[in-house]
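Commentary on secondary and tertiary structure
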Amino acid sequence: MELSSQRLLGFVHGAHLGSCQRKGAIQMRYAPLPVGAKYSFGDRKVGAVGLGTWSWGNRLLWDYDEKNDPVIAELFDEALRCGVGLFDTGNSYGTGKIEGRAEKLLGDFSEQTLYSTLADRAVFATKIAPYPWILTRQSFVQECRKSCKRLARTKIPLAQLHWSTANYFPWQDKILWDGICDAFELGLIETVGLSNYGPKRLEQASSYLSSRGVQVVSCQVQLSLLCRGALESGLLDLCDSKGINVIGYSPMALGLLSGKYGLAEGKKRLTGFRANVFGDRSLREIQPLLSLLGEISSTRGKTISETAINWTLCQGCLVIAGAKNAEQGRSNFSAMNWRLSEAEVVELEAEAKKCNFSVVQNIFQTS
């Protein structure tokens, strides 16, 4: 079946962060695709779970060390073996002098893997950041050429606008829209997507791109039990109506829903970036939700991470899940092979509603 914290350290994930989830009623949605269903990106078909590469090259937030590149290479191979067909990245992934490192690693791994046929079929989905120096359509096209080189591809399978500049430089958006259309017409891009766009801006962007003969095939948004803005805004329903694939990122809420962190004995404490942003309060507030995730996971013989990922799958989304190594990746990827029941989704959302805590999201997320 085919179907098409608080602000910190200036920039996080390529953008400032701000509040994502509103107080109030939890909106229920249960729209899982059947196990084995494929998402279409042009001629490429992929399964319901992809691998995120935000941490590859990110020293500031994820303590990246080049010595671990062989471990990441093993993770890449394991993803291909497990049927993962989408690898999400960005030209801004990597900090300082190694900006673009994640794209470069993907390109290197795809040339070195024993699973080259699978790698050739994969969707390397990069996001082009709207840097302030992208002041012309030509400069955007140049960024796409750089990404192609790092990814070791003649074409980018899926190029996404990382975020809209509507909240601060609204005039730049049209440059970005024309730039990505130009890159598509030049054959540098196979398919086009958006990221961190709300329903209003998505309508405007998709209409403009359509006028130039370019179809928006996907919209990427942050979505988890602790961050439901995309659901409450009606974005998911709008994408359904337009035949746009929704790609949900951070399904484990920056690790808070992974089951690894807590205040009880034997659990890890938050450190670094997450400790500064969330603190112990967050772990206290979400403990009942973590307990319920644990109960459901135990009953099903799954990990808490799998169950958290599966909730996002049940919103009808292709889900991006990060991982540190092949073992962790294997567990996360297996979430594509089963689905929570509607009753379990209802129970989890009711518990999530009780949490006096929500995860933050890109402040450039538009309405």
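Residues numbered from 1 in each chain as written. Predicted model: local features only at pLDDT ≥ 70, side-chain atom pairs only at ≥ 80, totals over all residues. Heavy atoms only, no water.

Turning our attention to the packing of aromatic side chains. Going through the model one piece at a time under the given rule, you end up with twelve aromatic pairs. Residues W56 and F109 carry aromatic rings whose centres are separated by 5.7 Å and whose planes lie at 70° to one another, so their mutual orientation is edge-to-face. With W56 in the loop between β5 (49-52) and α1 (59-62) and F109 in helix α3 (residues 101-112), the pair connects residues that are 53 residues apart, well separated along the chain. Exposure class is identical for W56 and F109. Each is buried. Ring geometry for F87 versus F124: centroids 5.8 Å apart, planes at 75°, classification edge-to-face. Here the residue F87 occupies a position in strand β6 (residues 86-90), and F124 occupies one in strand β7 (residues 123-128), the gap between them amounting to 37 residues. Across the pair, exposure class does not vary: F87 and F124 are buried alike. (Phe/Tyr/Trp six-rings, centres within 6.5 Å; stacked < 30°, edge-to-face > 60°. Helix = DSSP H or I, 4+ residues; strand = E, 2+ residues; numbered from the N terminus. Buried < 20%, exposed > 50% of the residue type's maximum accessible area, 1.4 Å probe, protein only.)

Confidence along the protein averages 90 in pLDDT terms, with 93% of residues attaining 70 or more. Of the regions scoring below 50 in pLDDT, residues 1-25 engages in 74 contacts with residues more than four places distant in sequence or in other chains. (pLDDT = per-residue confidence, 0-100. Contact = heavy atoms within 4.5 Å.)

Residue placement: S164 occurs in the loop between β8 (156-161) and α6 (170-185). At 3.0 Å, the side chain of S164 forms a polar contact with the backbone nitrogen of A166. A distance of 2.5 Å separates polar atoms of two side chains, one belonging to S164 and the other to D173. Setting aside anything within four residues of it in sequence, one finds S164 in contact with D173, S195, Y197, R201, F364 and T366. (Polar contact = N/O pair within 3.5 Å; in protein donor to acceptor, adjacent residues only side chain to side chain.)

So, about the state of the cysteines. Under the counting rule described, the total for this entry stands at zero disulfides. No disulfide involves C148; its sulfur sits 7.0 Å from that of C144, the nearest cysteine. The exposure class of C148 is buried, given its relative accessible area of 6%. Cysteine C181 is unpaired, with the sulfur of C144 as its nearest cysteine sulfur at 11 Å. Judged by its relative accessible area of 0%, C181 is buried. (Disulfide = S-S within 2.5 Å.)

Our next topic: the layout of surface pockets. As a volume, the largest pocket reaches approximately 1,100 Å³. In terms of lining, the largest pocket is formed by 47 residues, of which the most central are S55, W62, A323, K324 and Q328. Among the elements of the structure, α1, α2 (69-81), α10 (272-277), α13 (304-313), β12 (318-321) and α14 (326-333) are those that each provide at least two residues to the lining of the largest pocket. With four residues, the top contributor of residues to the lining of the largest pocket is α14. Here the lining of the largest pocket is composed, by residue class, of 21 nonpolar, 17 polar and nine charged. (1 Å grid on protein atoms, 1.4 Å probe; cavity = no way out; pocket = protein on both sides within 12 Å on 5 of 7 lines; lining within 4 Å. Points joined across faces, edges and corners; volume = space filled by probe spheres on them. Nonpolar A, V, L, I, M, F, W, Y, C, P; charged D, E, K, R; others polar.)

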